[in-house]
Amino acid sequence: MGETEAVEIDDILDDWFIESLKSYKDLHVYQLEHPTQIIEWTSGRILFCVFSRLCVAGYSSGKNEILELCLPLKLLADEKKGLCAERDFKVVHGGFSEAPVCCLTHIPGTRCAVTNDGLSSDLQLWDLGSDDTDVIRKTGSLSGTRVSQTGSRIAARLSSSPQVLHGAQSSSVQLTQLSTGQTLYGLEVDSTEPLSSLKFVSETAFLASCCGGTVYLADTRTSAPPQASAPPGECALWWTDASAALQFRFIRLSSSGQAVVSDLRNMGRAVCRAQLDFQTSPRKPEDVTVAWAPALDGCFSVSGLSGLVQIYDTAGWRAEPQDASPLFQHAGHSVSSQHGDGSAPIFITTHVWHPERPRTLLSAASDGSVHVWDWVDPQTN
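Rules behind the numbers
Residues numbered from 1 in each chain as written. Predicted model: local features only at pLDDT ≥ 70, side-chain atom pairs only at ≥ 80, totals over all residues. Heavy atoms only, no water. Helix = DSSP H or I, 4+ residues; strand = E, 2+ residues; numbered from the N terminus. Buried < 20%, exposed > 50% of the residue type's maximum accessible area, 1.4 Å probe, protein only. Contact = heavy atoms within 4.5 Å. Areas by Shrake-Rupley, 256 points an atom, 1.4 Å probe, with all protein chains shown as cover. Pairing = 2+ DSSP bridges. Patch = residues over 30% accessible without salt bridge, like charges linked within 9 Å, V, L, I, M, F, W, Y side chains within 5 Å. Salt bridge = Lys/Arg side-chain N within 4 Å of Asp/Glu carboxyl O. Core = buried A, V, L, I, M, F, W, Y, C linked by side-chain atoms within 4.5 Å. Axes fitted to C-alpha atoms, helices over the stretch in contact; angles between N-to-C directions.

Below, the discussion takes up the overall build of the protein. Broken down by element type, the protein carries 3 helices and 29 strands. Counting only residues that meet the buried cut, the protein has 53% of its 381 residues in that class. A separation threshold of at least 6 residues defines the contact pool for the protein, and within that pool the share at least 24 residues apart is 49%. About 17400 Å² of surface is accessible on the protein, with carbon and sulfur atoms providing 50% of the total.

Looking now at the pairing of strand β7 (residues 112-116). Buried residues dominate β7, accounting for 4 of its 5 residues. When strand β6 (residues 103-106) meets β7, the two strands line up antiparallel, connected through 4 bridges. Its bridge partner lying in β7, Leu104 is registered against Thr115. Linking two consecutive strands that pair antiparallel, namely β6 and β7, is a turn of 5 residues; a positive phi of about 80° is found at Gly109 within it. Pairing geometry for β7 and strand β8 (residues 123-127), over 4 bridges, is antiparallel.

All right, on to a nonpolar patch on the surface then. Together, Phe17, Ile18 and Leu21 make up an exposed nonpolar region whose accessible area comes to about 350 Å². By secondary structure assignment, the location of Leu21 is in helix α1 (residues 3-23). Using a relative accessible area of 60% as the deciding quantity, one classes Leu21 as exposed.

What follows is about the pattern of salt bridges. Applying the stated criterion across every chain yields a total of 8 salt bridges. Put simply, Asp263 and Arg265 hold a salt bridge, and the shortest N to O gap is 3.0 Å. Taking relative accessible area as the criterion, Arg265 reaches 61% and is therefore assigned exposed. Between Asp377 and Arg359 there is a salt bridge; the shortest N-O distance is 3.5 Å. Residue Asp377 is located in the segment after β29 (369-375), and its partner Arg359 is located in the loop between β27 (348-353) and β28 (360-365); the two are separated by 18 residues in the primary sequence. In this structure Asp377 comes out as buried when scored by relative accessible area, which is 9%. Judged by its relative accessible area of 26%, Arg359 falls in the partly exposed class.

Another aspect to go through is the sheet that holds strand β3 (residues 53-57). Reading across the sheet, the 4 strands line up as β2-β3-β4-β5 and stay open at both edges, with antiparallel pairing between neighbours. Each edge of the open sheet carries a strand with a single partner, namely β2 (40-41) and β5 (90-97).

On to the nonpolar core, then. Residues Leu276, Phe300, Tyr312 and Trp317 are the most contacted members of the largest nonpolar core, which totals 19 residues. Broken down by secondary-structure element, the contributors of at least two residues to this core are β19 (249-254), β20 (258-263), β21 (266-276), β22 (289-292) and β23 (299-303). For this core, the leading source of residues is β21, giving 4 residues.

A few words now on the environment of Ser160. Examined against the element boundaries, Ser160 turns out to sit in the loop between β10 (153-155) and β11 (163-167). A sequence separation of 51 residues divides Ser160 from Gly109, and the C-alpha atoms of the two residues are 9.0 Å apart.

Taking strand neighbours across the sheet as the criterion, the 4 strands line up as β6-β7-β8-β9 in an open arrangement whose pairing is antiparallel. Either end of the sheet is taken by a strand with one partner, and the two such strands are β6 and β9 (137-142). Across the sheet, the mean angle separating the axes of adjacent strands is 25° when strand polarity is ignored. Sheet topology note: the β8/β9 ladder contains 5 bridges and is antiparallel. Each bridged residue has a counterpart across the sheet, and for Trp126 the counterpart in β9 is Lys138.

Structure, rendered in structure tokens:
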């Protein structure tokens with residue numbers, strides 16, 4: 001790397017640091033030994049914040065760590081942050097998986113988690129540890145119903161007996177009781193499309209979203225056929241997220257940048273839509289994350305199509321297609337990784353919103369970095 005190029009990179013870092021002082025309320029950086037595709041909220045209450053712990057896990061072909069981390073105390077303190085000496089993530093529990101961890105879901109109300117290795121539809125069961133031990137250990141497994149190259153998608157809900165919804169394809173989605181392995185419900189559809197996501201939108205209803213853009217809305221209390229919504233446009237890959245808190249709306253995003261918002265109560269009609277400006281294509285379908293903000297009405301985030309996490313506000317969108325620009329972009333991973341040595345570009349592996357803090361997100365990148373950041377709305381700054 002030449003001296004001129006090094007100076008240019010230093011200037012970029014300096015400019016971004018100065019800009020970040022007014023763009024973020026909080027910004028914390030953590031470095032994992034290996035990158036993760038998982039950021040999953042678990043239990044734990046600190047400083048009146050229910051969601052203060054999360055799981056991360058490696059996805060390499062060899063042995064991988066599973067860690068439960070506690071958020072920095074400085075982030076959780078709303079007042080007198082200077083009195084909080086703890087500025088870093090803290091490892092609370094840890095363990096090892098012999099296989100990659102490509103999907104991990106915490107079972108609400110328990111210290112259990114379910115994982116999938118991305119190589120088959122089988123699931124692995126884990127005890128996340130307790131106050132008496134800091135070890136995360138594997139406790140069992142569940143056999144899937146289909147062989148899949150993309151692995152199973154997993155969802156869980158709060159229930160009297162721990163249950164997990166899982167499947168690799170639309171025709172293999174089932175609800176399983178963890179204690180007995182009994183199948184409590186199966187999605188009856190003819191399609192064998194690979195799934196992009198599974199998500200509960202109420203205590204009993206869930207959304208099964210396919211990579212091809214088809215979405216099924218089903219209820220585990222009935223054997224009636226699910227409602228189906230065809231893809232809202234011509235594109236090979238689609239990603240979906242839904243939120244019952246946001247007037248039952250769900251959003252579908254295509255690899256060409258089409259974003260379509262629909263209502264679960266009238267799935268065939270687009271409430272609004274827009275064309276997003278994407279410069280790159282995803283490396284793999286599972287690299288892309290689309291997520292509604294749980295405590296910020298009408299906003300959603302996108303990652304996996306670049307080294308950025310982009311946040312969009314749908315408040316001004318209409319039913320007719322229009323171009324949309326991001327409300328905010330987190331460029332911290334790509335900027336801080338610039339070395340000018342020809343190494344592979346950094347891409348975001350996953351991100352997640354904090355369930356209670358409206359503008360707080362966590363993001364992870366292919367270099368092993370994990371950022372937790374509370375952004376400032378540029379419209380009100």
